[in-house]
Amino acid sequence: QFGRGFSNLTYLLKMDEREFVLRRAPPGVKIKSAHDMGREFKILLHLSPAWSKAPRPLFLCEDESVIGTPFYVMERVRGVVLRQKVPSGLDLNADRMRKVSESMIDTLAEIHTIDWKAIGLADLGKPDGYVGRQLNGWTERYRKAQTDEIATFEEVGTWLFANQPKESGATLIHNDFKYDNVALDPETVTRVLSVFDWEMATVGDPLMDLGTMLGYWIEADDPPVFQVIVFGPTTYPGNLRRMELVERYARKTGKTIDNVLYYFVFALYKLSVVAQQLYRRYRDGLTKEERYAPMLEGVRALTTAALHAIEKRRIDRLSE
């Protein structure tokens, strides 16, 4: 089993000299869409012929008698994956880090320009009313997984419900776009080779997807509460700043982005719900992985960070 990730489980399979990757849902979860192997398989089946950065799926097995749950198998793409601990020997100087971060935001913009109807994904999602459904849906998931009263979560939720923006359009969206969900080219590490983990992909408002990326993008001079939720090497010198990501994305897509604070705050809110779900899974004995034990503090940290951004009314220069 690949030891990273907190959602669907991923395994390496070997057959003689060939390597494959198997994806299955974690035990004890009943979330319909996020862990639907058939849905994730279908996305990749239609996306990979049209876009080279999507891994190629090979087959889907929905017979639970085989390994106890539905699963699918796809090709293995070998590349460099950036996490908090950078692979030894990899020189991520400021110039290289800047180019990697540019490649990241450019890849997200590419996803948002894919003709999802033309590649056979017209029935993937319901884009109308997407923002409101997401807000309601993630709040409901929190209530189902809730274990403690956390005032900061309630405050952020109140602000989000009171400040919902109009829809900005509809595109294919990844919904979990961050450094450790992409593989960089080993030969040219500044180039994105492949994008992984399409389990939450759908058709919806692309600015919500941009917000998700920004929520993961912790900067070196962010306040201390942000530093406890670092998800990758976004704090390394050379990385584009959050507003630089927004500005480059706007140039690449031609979109006007007037309310980026909302999408950033919602991303932190959504991540806090995921942290709560993982903590509930641990508390209920559905997993013994100790890395889930402190997730309740993650809920507090994420929602406190969101309130800080709301107070400052911006997504950058949050320490000023």
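## Remarks on the nonpolar core
Alright, step 1. Of all hydrophobic cores here, the largest spans 90 residues; its most connected members are L160, L172, W198, L210 and V265.
Alright, step 2. The element best represented in this core is helix α8 (residues 260-283), accounting for 14 residues.
Alright, step 3. Those residues in contact with L172, other than ones at most four positions away along the chain, are L47, I111, H112, I114, W116, L121, L124, W198 and T202.

## Some thoughts on the pattern of salt bridges
Alright, step 1. Counted according to the given criterion, the structure contains 26 salt bridges.
Alright, step 2. Between D106 and R248 there is a salt bridge, with its nearest N and O atoms 2.8 Å apart. In this pair, D106 is assigned in helix α2 (residues 94-113) and R248 in helix α7 (residues 242-253), connecting sequence segments 142 residues apart.
Alright, step 3. On the accessibility criterion, R248 (18% relative accessible area) is buried.
Alright, step 4. The closest approach of N and O atoms between R280 and D284, which form a salt bridge, is 2.8 Å.
Alright, step 5. A cluster of three or more residues bridged by salt bridges with shared partners is formed by R98, E102, D106, R248 and K252.

## Some details on the packing of helix α3 (residues 130-145) against helix α4 (residues 151-162)
Alright, step 1. Two elements in contact, α3 and α4, have axes separated by 11 Å at closest approach and are oriented at 160°. If you check the angle between α3 and α4, you find them roughly antiparallel. Considering the relative orientation of α3 and α4, their crossing is left-handed. Facing α3, whose interface residues are L135, N136, T139, Y142 and R143, α4 presents F153, E154, L160 and F161.
Alright, step 2. A per-class count over the contact of α3 with α4 returns five nonpolar, two polar and two charged.

## Brief notes about the packing of α2 against helix α5 (residues 206-216)
Alright, step 1. Contact pair α2 / α5: the axes reach a minimum separation of 11 Å and the direction vectors enclose 160°. Considering the angle they form, α2 stands roughly antiparallel to α5. Every pair of crossing elements has a handedness; the one defined by α2 and α5 is right-handed. Judged by residue contacts, M104, I105, L108 and H112 of α2 engage P206, D209, L210 and M213 from α5.

Analysis parameters
Residues numbered from 1 in each chain as written. Predicted model: local features only at pLDDT ≥ 70, side-chain atom pairs only at ≥ 80, totals over all residues. Heavy atoms only, no water. Core = buried A, V, L, I, M, F, W, Y, C linked by side-chain atoms within 4.5 Å. Buried < 20%, exposed > 50% of the residue type's maximum accessible area, 1.4 Å probe, protein only. Helix = DSSP H or I, 4+ residues; strand = E, 2+ residues; numbered from the N terminus. Contact = heavy atoms within 4.5 Å. Salt bridge = Lys/Arg side-chain N within 4 Å of Asp/Glu carboxyl O. Axes fitted to C-alpha atoms, helices over the stretch in contact; angles between N-to-C directions. Parallel < 35°, antiparallel > 145°, perpendicular 65-115°, else oblique. Left-handed = near helix turned anticlockwise from the far one by under 90°. Nonpolar A, V, L, I, M, F, W, Y, C, P; charged D, E, K, R; others polar.

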